[in-house]
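So the chains spell out like this:
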Amino acid sequence: MTFLNLKYPILQAPMGSIDSTILAASVSNAGGMGSLALTWTEPDVAADRVQKLRAETANFFFVNFVLSFPPKALEAVLEAGTPAVTFSWGQPGQLVKRIHQFGAQVGVQVGTVDGAKQALDSEVDFIICQGVEAGGHVQSTTPLSELLPKVVEIASSVPVVGTGGLTNGEDLAWALRQGARAMMLGTRFVATIESNAHPLYKQALVEAKSTDSVYTLCFDGGWPYAAHRVLRNRTLNEWETAGCPPSGQRPGEGEVTAEGSSGVLIKRYDDAPPVAKMEGHILECCMYAGTGCGRIVDIPEAAVLLSELWSEYKALTRTD
Ligand SMILES: Cc1cc2nc3c(=O)[nH]c(=O)nc-3n(C[C@H](O)[C@H](O)[C@H](O)COP(=O)(O)O)c2cc1C
């Protein structure tokens, strides 16, 4: 049986301002598992998004909270009937019991074997094992190929989802061979029609080589001291050329790089990625990208992507 009875054992990673209700609904309706990142969303808005997503799909989805910040909308999304919650950058501890009271499942993204052990001790329903290849903020310092088999072993019967640098059907075949029950893709879903990323960011992913994905501390505005993986661009180059100086001494610090239609401003070292309809120096903003970006060649609809990934996987694993 596939993970949570999914048609495709593929999860869409929560992606801050880049994911969208439309993307999550498309992924879940097509047979994968969509998600919403709700860490920075006010409780009433978060509940509204969960209700809208429930109206758009009868299938499984999850919402995510990054525990470096208080999960302020957790109760609201439970009341709104989310079927699952995942956490990253921390351990949910007692929150697991609270979530189970609502009949929802709990997953935890970990970057170490110790993190996986702690999550298992709190009786989570599944583990997401992140490798250092991941786009976005990166908890892990270990390659997925090294970490995943160890986490699978200690997780025993608890399902493990592999994530970080994975992109295509070959990656799915690899992850399942390591004992994962599914893979989770972030960067690959940034480059889909339904994602909320700015078109220039999507196109930059299509054009990128895997070596353009850089693990850094450069874009720390909004979330300091948290390593992340982004596409190399002018902001990163100039900061590195200046010797990677700390906050307050960086080239172009405080400059506005992009502006949203509602007047939202992105400053040079902000961790906010460029979203649709922003204007300005889009390609100088923080464009999260895992090492799998070198294998992204198009910007399909999410449902088309899932079916193509599955066909690639089936072609590779056919035994007849
Ligand atoms: C644009 C973007 C935003 C992300 N935002 C979140 C987030 O809000 N919460 C979270 O747990 N992970 C977030 N991540 C990390 C993902 O959970 C996942 O670990 C990562 O995308 C996997 O690597 P990949 O991008 O190479 O597929 C984000 C990733 C990307 C690319």
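Just so we're clear, the structure is a prediction, and the values are computed from it rather than from any experiment.

## Here we look at the packing of helix α7 (residues 169-177) against helix α11 (residues 302-317)
- Between α7 and α11, the shortest axis-to-axis distance is 7 Å and the interhelical angle comes to 60 degrees. Judged on the interaxial angle alone, α11 and α7 are oblique. Considering only the axes of α7 and α11, their crossing is right-handed. Where α7 approaches α11, its residues G169, E170, L172, A173 and L176 are matched on the opposing element by L309, W310, E312, Y313, L316 and T317.

## Re the side chain of T167
- Relative to the elements of secondary structure, T167 occurs in the loop between β8 (160-163) and α7.
- Side-chain polar atoms of T167 contact the backbone oxygen of G292, separated by 3.2 Å.

## So, the site of the ligand
- As a structural note, the neighbourhood of the ligand is formed by 26 residues, with N64, S88, G165, G186 and T187 the closest of them.
- At a separation of 2.9 Å, an oxygen atom of the ligand approaches a polar side-chain atom of Q130.
- A distance of 2.8 Å is found between an oxygen atom of the ligand and a backbone nitrogen or oxygen belonging to G165.
- Coverage of the ligand by the protein chains reaches 95% of its 590 Å² of free accessible surface.
- Contributing elements (two or more residues each) for the shell around the ligand: β3 (61-66) and β9 (182-185).

## A few points about the state of the cysteines
- Considering all chains together, one arrives at zero disulfides under this definition.
- With no disulfide partner, C218 has as its closest neighbouring cysteine sulfur the one in C244, 7.8 Å distant.
- The closest cysteine sulfur to the non-disulfide-bonded C285 is located on C286, 8.3 Å from its own sulfur.

## Remarks on the pattern of salt bridges
- Taken as a whole and judged by the stated rule, the model has 14 salt bridges.
- The salt bridge partner of K209 is D212, with a shortest N-O separation of 3.9 Å.
- According to the relative accessible area criterion, K209 is exposed, its value standing at 51%.

## Remarks on helix α6 (residues 144-155)
- Its twelve residues place the ends of α6 16 Å apart at the C-alpha level, agreeing with the 16 Å of an ideal helix rising 1.5 Å per residue.
- Listed as buried for α6 are L144, L147, L148, V151, V152 and A155. End-on, the buried residues of α6 take up no more than an arc of 130 degrees, which puts them together on one face.
- In this fold, the buried residues of α6 make contact with α5 (113-121), β6 (126-130), β8 and α7.
- Residue S156 follows α6 closely and has a positive phi angle near 55 degrees.

## Regarding the sheet that holds strand β11 (residues 228-231)
- Strand order in the open sheet made by the three strands is β7-β11-β10, with antiparallel pairing throughout. Of all the strands in the sheet, the pair left with one neighbour each is β7 (136-137) and β10 (213-216).
- Relative to β11, β7 runs antiparallel, the two being bridged by two bridges. Following the sheet pairing, H137 is matched in β11 by H228.
- Sheet strands touched by helix α10 (residues 234-241): β10 and β11. Its angle to β10, the strand with the most contacts, is close to 50 degrees.

## Quick notes on unusual backbone geometry
- A positive phi angle, near 55 degrees, is found at S156, a position not held by glycine.
- Within the element layout of this structure, S156 appears in the loop between α6 and β8.
- Unusually for a residue other than glycine, C244 sits at a positive phi of about 55 degrees.
- On the secondary structure map, C244 appears in the loop between α10 and β12 (256-259).

## Some words on the nonpolar core
- The biggest cluster of nonpolar side chains holds 99 residues, and the ones touching the most others in it are I10, L11, V63, F65, I127 and F189.
- Here the element with the most residues in this core is α6; it accounts for six residues.
- If we skip the residues at most four places from it in the chain, V63 touches L36, L38, V50, V77, T82, A84, V85 and T86.

Each value, and the rule that gives it
- Residues numbered from 1 in each chain as written.
- Predicted model: local features only at pLDDT ≥ 70, side-chain atom pairs only at ≥ 80, totals over all residues.
- Heavy atoms only, no water.
- Axes fitted to C-alpha atoms, helices over the stretch in contact; angles between N-to-C directions.
- Helix = DSSP H or I, 4+ residues; strand = E, 2+ residues; numbered from the N terminus.
- Parallel < 35°, antiparallel > 145°, perpendicular 65-115°, else oblique.
- Left-handed = near helix turned anticlockwise from the far one by under 90°.
- Contact = heavy atoms within 4.5 Å.
- Polar contact = N/O pair within 3.5 Å; in protein donor to acceptor, adjacent residues only side chain to side chain.
- Near = heavy atom within 4 Å.
- Areas by Shrake-Rupley, 256 points an atom, 1.4 Å probe, with all protein chains shown as cover.
- Disulfide = S-S within 2.5 Å.
- Salt bridge = Lys/Arg side-chain N within 4 Å of Asp/Glu carboxyl O.
- Buried < 20%, exposed > 50% of the residue type's maximum accessible area, 1.4 Å probe, protein only.
- Expected span 1.5 Å × (residues − 1).
- Arc of directions from axis to C-beta.
- Pairing = 2+ DSSP bridges.
- Core = buried A, V, L, I, M, F, W, Y, C linked by side-chain atoms within 4.5 Å.

Without other data, these values stay purely geometric and don't point to any function.
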